[in-house]
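Residue-level structural notes
Next come the chains, spelled out residue by residue.
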Amino acid sequence: MRCPYCQYEESKVIDSRPAEDRKRRRRECRKCGRRFTTYEIVEKPLRIVIKRDGSLEQYDRNKLLAGIYHAIKKRPVSYAQVNEIADKVEEKYDNSWHSQMSSVQIGTIVLEQLRNIDEIAYIRFASVYQNFKDASSFIAVIAALNQEETETGTETGTEPEET
Ligand SMILES: [Zn+2]
């Protein structure tokens, strides 16, 4: 970032704050010591979904929302709650070192959220996401759900499984 006064190339950042999709930085020239302000565009890396077959796809919030809406059909889940789930997924993306997640990891985050919101929606989403091949695996999820409820309120975090 060149100094606008003396054209020297090095400056030190003395203040940095977000301004809409930009960062406002207050800088001080390392040569002449004069201060100036820059507005820098923060590049957000593309969020990538790694699908089950190993292929890559660009993350699409609307697609995720559509999947969640399918699961919450006729259930008392609000628009805000659905968006919060998507926010959680995006938060995970932004906090991770790589901006890629597997569809299984995303599904796990959604399931963790839905479990706390609506049981029926949780089971519906699980049945789609975990691709149940037969009734027994579906029953297994419901059994696990019931078991968790009978256990004395200990929250066991489920780690996303790498397959
Ligand atoms: Zn300067």
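A few points on the structure.

1. Side note on the environment of V110
Position of V110 relative to the elements: it lies in helix α3 (residues 103-117). Judged by its relative accessible area of 0%, V110 falls in the buried class. Considered as a pair, V110 and V89 are 21 residues apart in the sequence and their alpha carbons are 7.4 Å apart. When neighbours within four sequence positions are excluded, V110 is seen to be in contact with L64, I68, I85, V89 and F125.

2. Digging into unusual backbone geometry
Although it is not a glycine, Q7 sits at a positive phi angle of roughly 70 degrees. In this fold, Q7 is placed in the segment before β1 (11-19). With a phi close to 60 degrees, K74 is a non-glycine residue in the positive phi region. Secondary-structure assignment places K74 in the loop between α1 (61-72) and α2 (79-95). Owing to a relative accessible area of 82%, K74 belongs among the exposed residues under this scheme.

3. Describing the sheet that holds strand β2 (residues 22-29)
Reading across the sheet, the three strands line up as β1-β2-β3 and stay open at both edges, with antiparallel pairing between neighbours. What marks the edges here is a single partner per strand, and that holds for β1 and β3 (35-41). Adjacent strand axes in the sheet meet at a mean angle of 25 degrees, parallel and antiparallel pairs treated alike. Alignment of β1 against β2, held across eight bridges, turns out to be antiparallel. Bridge pairing in β2 links D15 to R26.

4. A word on the layout of surface pockets
When its volume is computed, the second largest pocket comes out at roughly 380 Å³. Contributions of two or more residues to the lining of the second largest pocket are made by β5 (56-58), α1, α3 and α4 (119-129). Grouping the constituent residues of the lining of the second largest pocket by class yields seven nonpolar, four polar and five charged.

5. Some details on α2
End to end, α2 covers 24 Å across 17 residues, agreeing with the expected 24 Å (1.5 Å per residue, within 8%). Regarding α2, the residues found buried are V82, N83, I85, A86, V89, E90 and Y93. Seen along its axis, α2 keeps its buried residues to an arc of 150 degrees; they face one direction. Of the exposed residues in α2, those oriented more than 90 degrees away from the buried face are E84 and N95. On its buried face, α2 is in contact with β4 (48-50), α1, β6 (100-102) and α3.

6. A word on the pattern of salt bridges
When their charged atoms lie close together, side chains carrying opposite charge are able to pair. All chains considered together, the criterion is met by 14 salt bridges. Between E90 and R47 there is a salt bridge; the shortest N-O distance is 3.7 Å. Here E90 is found in helix α2, whereas its partner R47 is found in the loop between β3 and β4, with 43 residues between them in sequence. Exposure class is identical for E90 and R47. Each is buried. E90 is the partner of R61 in a salt bridge, and the nearest nitrogen-oxygen pair spans 3.0 Å. Of the two residues, R61 is situated in helix α1 and E90 in helix α2; the sequence distance between them amounts to 29 residues. Take E90: its relative accessible area is 12%, and that puts it in the buried class. If you follow the salt bridges from partner to partner, you end up with R47, R61, D87, E90 and D94 in one network.

The rules behind the values
- Residues numbered from 1 in each chain as written.
- Predicted model: local features only at pLDDT ≥ 70, side-chain atom pairs only at ≥ 80, totals over all residues.
- Heavy atoms only, no water.
- Helix = DSSP H or I, 4+ residues; strand = E, 2+ residues; numbered from the N terminus.
- Buried < 20%, exposed > 50% of the residue type's maximum accessible area, 1.4 Å probe, protein only.
- Contact = heavy atoms within 4.5 Å.
- Pairing = 2+ DSSP bridges.
- Axes fitted to C-alpha atoms, helices over the stretch in contact; angles between N-to-C directions.
- 1 Å grid on protein atoms, 1.4 Å probe; cavity = no way out; pocket = protein on both sides within 12 Å on 5 of 7 lines; lining within 4 Å.
- Points joined across faces, edges and corners; volume = space filled by probe spheres on them.
- Nonpolar A, V, L, I, M, F, W, Y, C, P; charged D, E, K, R; others polar.
- Expected span 1.5 Å × (residues − 1).
- Arc of directions from axis to C-beta.
- Salt bridge = Lys/Arg side-chain N within 4 Å of Asp/Glu carboxyl O.

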